[in-house]
Amino acid sequence: MKHPILNCAVVKGTGNPVYLVLHGKKYEISGEEVAAKLFTYPYHTKVTDKCLNSLPAGETLSTLSRLIAGADKKVYLSINDSIKLPFSDTATFDELGFDAGKV
């Protein structure tokens, strides 16, 4: 059985980094500036380090990361202008606390 955070969440273990978990990978949010650029409210769910360490690491979300609208009318997270991750639905986008006004 998959852990529920493997789908989507903003999480934090016992250390300092906060991560976006999306599509089964954890993406470190590099700081407050990045969080403010993407999210409506910077909240996170505490998880065990064991759970966090079980997730493969994706790219670190830097200030180059942004929300973009695709030609297909879907919203994507562009990670450092190199990777484009889709959101499966509006509920997932909202649950993660992303700000639609920043697309």
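Asks: Looking at this model, I keep getting lost on the sheet that holds strand 3 (residues 25–29). Mind explaining?
Replies: Sheet strands associate in pairs through backbone hydrogen bonding, adopting either a parallel or an antiparallel arrangement. Taken in spatial order, the four strands make up an open sheet running 3-2-1-4, and their pairing is mixed. Where the open sheet ends on each side, the last strands, each with one partner, are strand 3 and strand 4 (45–46). Pairing of strand 2 (residues 18–22) with strand 3 involves five bridges; the strand directions are antiparallel. By the bridge assignment for strand 3, L22 is matched with K25.

Asks: What am I meant to see in the nonpolar core here?
Replies: One broad rule of soluble globular proteins: the nonpolar side chains tend to lie buried together. Among the nonpolar cores identified, the biggest contains 20 residues, and L20, I29, L61, L77 and F98 are the most heavily contacted of them. Among the secondary structure elements, those contributing two or more residues to this core are strand 1 (8–12), strand 2, strand 3, helix 1 (32–38) and strand 6 (75–79). Residue contacts for L61: discarding those within four places in its chain leaves L20, Y27, E28, I29, S30, V34, L38, L77, I79 and N80. Judged by nonpolar contacts, the second largest core, of seven residues, contains A9, V47, L52 and L55.

How each quantity is defined
- Residues numbered from 1 in each chain as written.
- Predicted model: local features only at pLDDT ≥ 70, side-chain atom pairs only at ≥ 80, totals over all residues.
- Heavy atoms only, no water.
- Pairing = 2+ DSSP bridges.
- Helix = DSSP H or I, 4+ residues; strand = E, 2+ residues; numbered from the N terminus.
- Core = buried A, V, L, I, M, F, W, Y, C linked by side-chain atoms within 4.5 Å.
- Buried < 20%, exposed > 50% of the residue type's maximum accessible area, 1.4 Å probe, protein only.
- Contact = heavy atoms within 4.5 Å.

Any functional reading would require information beyond the geometric quantities listed.
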